[in-house]
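# Observations on the model geometry
Here are the chains, one letter per residue:
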Amino acid sequence: MAKNFPTREENYSQWYNDLVIKADLAENSAVRGCMVIKPYGFAIWEKMQAALDKMFKDTGHQNAYFPIFIPKSFFNKEASHVKGFAKECAVVTHYRLKISEDGKEIVVDEDAKLEEELIIRPTSETIIWDTYKKWIQSYRDLPILVNQWANVVRWEMRTRLFLRTTEFLWQEGHTAHATKEEAVEETEKILNIYTDFAENWMAVPVIRGTKSPNERFAGAIETYCIEALMQDGKALQSGTSHFLGQNFAKAFDVKFLTKENKLEYVWATSWGVSTRLMGALIMAHSDDNGLVLPPKLAPIQVVIIPIYKKKEHLELISEKANQIKKLLEKKGISVKYDDRDTHKPGWKFSEYEFKGVPVRLVIGPRDLENETIEVARRDTLEKEVLQITDIENKIENLLKQIQSNLFQKALSFREDNTFIIDTWDEFKERIEKGGFILAYWDGTAETEQKIKDETKATIRTIPIENLHEEGECIYTGKPSKQRVVFARAY
RNA sequence: CGGGAUGUGGCGCAGUUGGUUAGCGUGCUGGUCUGGGGGACCAGAGGCCGUGAGUUCGAGUCUCACCAUCCCGACCA
């Protein structure tokens, strides 16, 4: 275990913060609320990007790029959209600096005031729909299936590394369709991609559903989401896919001629996942010994560490290690052979364990004699000595096992922490201990707000699957069509 | 923006009722012995004590102001 590293039990939020910093994923920057993503952390993000990007492209989407600045007036055009974002926008008002009169400082040149202020994008619907207006005239121009990888800025009051930062990285898809059905289908298709990614790449089980009106995206008709449960019993919204109806088409006057030569507004969707996924990944699997990464997203999947006393030993071991490295790499496994003489083996063990490398291989003089190798897995911390024959297949299988074990572990954690609750007293008691609560809700915003005020719990999602039997609202006793998922959230 | 706290070598901290040359852990540099779970010893380098005023013979220490950061709330992917 790392020195002075808190356990989850002692202080979960400090455990998380320390983990991010000590595992070299990211650190706070000189700019309040903004983080520096360090190479190791960014490597994980790049693997996420690569996997998602392929999924988007495989379903017909293309990448494009729109400006970081949005004219202020664009935000006026969609009423609920501006309401949702106005309070957290960074605004550019000037375009030039100058030397102050006493020559000591650099100050804003008041003469360089912008005619119209520019907003640093908190999301890009407005600039994109202003652009789509030019792209769309006919049903033949539809659909438009565009995604952009970008940074956005939301001036949040309180920030936490990856979970909520002032600037964050994300992808935002913005699609335009001729019919409502097609747009809804797109929204759901993306939700399925997000689910697939969360569960099969991140090994994080998620609940798919829609948001209550209170939690809906500003400007959306319907917001679909995936919700994950973290180890401290809090929920984390991990991705959203919005059906925007014709709201933005109307706001930006985007119409097209149908086959029947009728002028109609375009139907829209938007969807995104952000670097917040890093937070979900970290919190879902890691333990008191540090980070635990699912093999599919680990920048280093296998580390090989030599143990030797003399230089001659190292040469022999290196030869063997490099052979194994090549065999594994042929299987597409990323391997690091750490033969640095500047750190001791024990130090390296701790280091890679803390950084969540799924598999560690150790070769020493003993192994050379016996044709063996020590294999340690990060998820269970188990070690065993294996015959070196066929090592590449053994490791390949082990990585698959680790991937599915992590998912299973997270899934049973979620199951153990999901509760069907039917009385208000039980609800209040349970919410203190965390977890997902499945309870009936009368469907009104007032009730949701009251529950939030009294317990800090929100409706995380109205699940798509199951739970469609009727009952009585946990708070008001009024009729309810189905159970929804309550939790305290990040 | 409300409540609480903290600013001292890179990082984490100590520094008594004000008193001489500001310490400790870790990290860093060099060396010797080491090496199957964060090694031992030796020798080094590294400080405008957050900023600015004040009190005093004397301020890391007391007073005031400012700045910054962190934690807890309200806001949020």
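Glancing now at the sheet that holds strand 17 (residues 302–306). Spatially, 18-17-19-20-21 is the arrangement adopted by the 5 strands of the open sheet, whose pairing is mixed. Edge positions in the sheet fall to strand 18 (335–337) and strand 21 (383–387), since each of these pairs with one other strand and no more. Each neighbouring strand pair of the sheet contributes to a mean axis angle of 25 degrees, computed without reference to strand direction. Each of strand 17, strand 18, strand 19 (359–363) and strand 20 (372–377) is contacted by helix 9 (residues 311–330), which is oriented at about 175 degrees to strand 18, the strand it contacts most. This element, helix 12 (residues 391–416), spans strand 17, strand 19, strand 20 and strand 21 of the sheet and lies at about 10 degrees to strand 20.

The next thing to look at is the protein's contact with RNA strand B. Among the 35 residues in the neighbourhood of RNA strand B, the closest are listed as Arg158, Arg164, Arg276, Lys344 and Trp347. Counting only the atoms of RNA strand B that lie within 4 Å of the protein, the sugar and phosphate share comes to 29%. A distance of 2.7 Å is found between a base nitrogen of RNA strand B and a side-chain nitrogen or oxygen belonging to Glu353. Elements that contribute at least two residues to the surface near RNA strand B include exactly helix 10 (345–354), strand 19 and helix 11 (365–370). It is helix 10 that contributes the most residues to the surface near RNA strand B, 6 residues altogether.

The next point concerns the sheet that holds strand 12 (residues 222–229). What the 11 strands build is an open sheet, ordered 3-9-10-16-13-12-11-24-27-23-22; its pairing is mixed. Two strands lie at the open edges of the sheet, namely strand 3 (62–63) and strand 22 (418–420), each paired on one side alone. Both strand 10 (residues 167–177) and strand 16 (residues 267–274) contribute to a ladder of 8 bridges, which runs antiparallel. From the neighbouring strand, His174 faces strand 16, where its bridge partner is Ser270. The sheet contacts of helix 5 (residues 125–135) involve strand 9 (144–153), strand 10, strand 13 (235–245) and strand 16, and relative to strand 10 the element is tilted by about 30 degrees. Against the sheet, helix 6 (residues 180–200) engages strand 9, strand 10, strand 11 (207–210), strand 12, strand 13 and strand 16, with an angle of about 10 degrees to strand 16.

Here the focus is helix 2 (residues 39–58). An α-helical turn contains 3.6 residues, so a residue and the one three or four places further along point in the same direction. Counted at 1.5 Å a residue, the expected span for helix 2 with its 20 residues is 28 Å, and the 28 Å between its end C-alpha atoms agrees. By the burial criterion, the buried members of helix 2 are Tyr40, Gly41, Ile44, Trp45, Met48, Gln49, Ala51, Leu52, Asp53, Met55 and Phe56. Two residues or fewer after helix 2 comes Gly60, characterised by a positive phi angle close to 90 degrees.

Annotation of chain A at the domain level lists domain 1 (12–91 + 120–285), domain 2 (300–404) and domain 3 (418–487). Relative placement of domain 1 and domain 2: their C-alpha centres are 39 Å apart. Contact residues are listed per partner, giving 9 residues for domain 1 and 5 residues for domain 2. Around 600 Å² of area is buried between domain 1 and domain 2 when both sides are counted, 53% of it from carbon and sulfur atoms. Between domain 1 and domain 2 we count 1 salt bridge in total. Here Lys355 makes a salt bridge to Asp24, at a shortest N to O gap of 3.6 Å. When residues of the side of domain 1 that touches domain 2 are traced back to their parent elements, those giving at least two are helix 1 (12–22) and helix 2. Each residue belonging to the side of domain 1 that touches domain 2 can be placed in one class, and the counts come to 5 nonpolar, 1 polar and 3 charged.

Within strand 20, 6 of the 6 residues are buried, which leaves the element mostly enclosed by the surrounding structure. Neither face of strand 20 is open: one carries Thr372, Glu374 and Ala376, the other Ile373, Val375 and Arg377, and all of them are buried. Bridge analysis of strand 19 against strand 20 gives 4 bridges, and the strand direction is antiparallel. Within strand 20, the position partnered with Val359 by the bridge is Arg377. As defined by bridge partners, strand 20 adjoins strand 21 across 5 bridges and the pair is classed as antiparallel. Each residue of the ladder has a partner; that of Ile373, found in strand 21, is Leu386. Hairpin remark: strand 20 followed by strand 21, antiparallel, with 5 residues in the connecting loop; positive phi at Leu381, about 65 degrees.

Let us now look at the side chain of Thr240. Structurally, the position occupied by Thr240 is in strand 13. Given the relative accessible area of 12%, Thr240 is considered buried. Side chain to side chain, Thr240 and His242 meet in a polar contact 3.4 Å long. When sequence neighbours within four positions are dropped, the list of residues in contact with Thr240 reads Tyr194, Thr223, Tyr224, Cys225, Trp271 and Gly272.

Moving on, we come to the packing of aromatic side chains. Inspection of the entire model under this criterion finds 16 aromatic pairs. Here Trp424 and Phe427 contribute two aromatic rings whose centre-to-centre distance is 5.1 Å and whose plane-to-plane angle is 20 degrees, an arrangement assigned as stacked. Remark: Phe427 and Trp424 occur in helix 13 (residues 424–433); sequence separation between them is 3 residues, near one turn of the helix. The class for Phe427 is buried, based on a relative accessible area of 0%. An aromatic cluster is defined as three or more aromatic residues linked by ring pairs; in this entry it consists of Trp45, Phe56, Trp149, Tyr194 and Trp271. Residue placement shows Lys234 over the ring face of Tyr490; its charged tip is 4.3 Å from the ring centre. Cation over ring: Arg360 sits above Phe349, and NZ or CZ is 4.2 Å from the ring centre.

Cut-off values and rules
Residues numbered from 1 in each chain as written. Chains lettered and ligands numbered in written order. Predicted model: local features only at pLDDT ≥ 70, side-chain atom pairs only at ≥ 80, totals over all residues. Heavy atoms only, no water. Pairing = 2+ DSSP bridges. Helix = DSSP H or I, 4+ residues; strand = E, 2+ residues; numbered from the N terminus. Axes fitted to C-alpha atoms, helices over the stretch in contact; angles between N-to-C directions. Contact = heavy atoms within 4.5 Å. Near = heavy atom within 4 Å. Polar contact = N/O pair within 3.5 Å; in protein donor to acceptor, adjacent residues only side chain to side chain. Expected span 1.5 Å × (residues − 1). Buried < 20%, exposed > 50% of the residue type's maximum accessible area, 1.4 Å probe, protein only. Domains from an automatic or database assignment. Buried area = accessible area lost by both parts, 1.4 Å probe. Salt bridge = Lys/Arg side-chain N within 4 Å of Asp/Glu carboxyl O. Nonpolar A, V, L, I, M, F, W, Y, C, P; charged D, E, K, R; others polar. Phe/Tyr/Trp six-rings, centres within 6.5 Å; stacked < 30°, edge-to-face > 60°. Lys NZ or Arg CZ within 6 Å of the ring centre and 35° of its normal.

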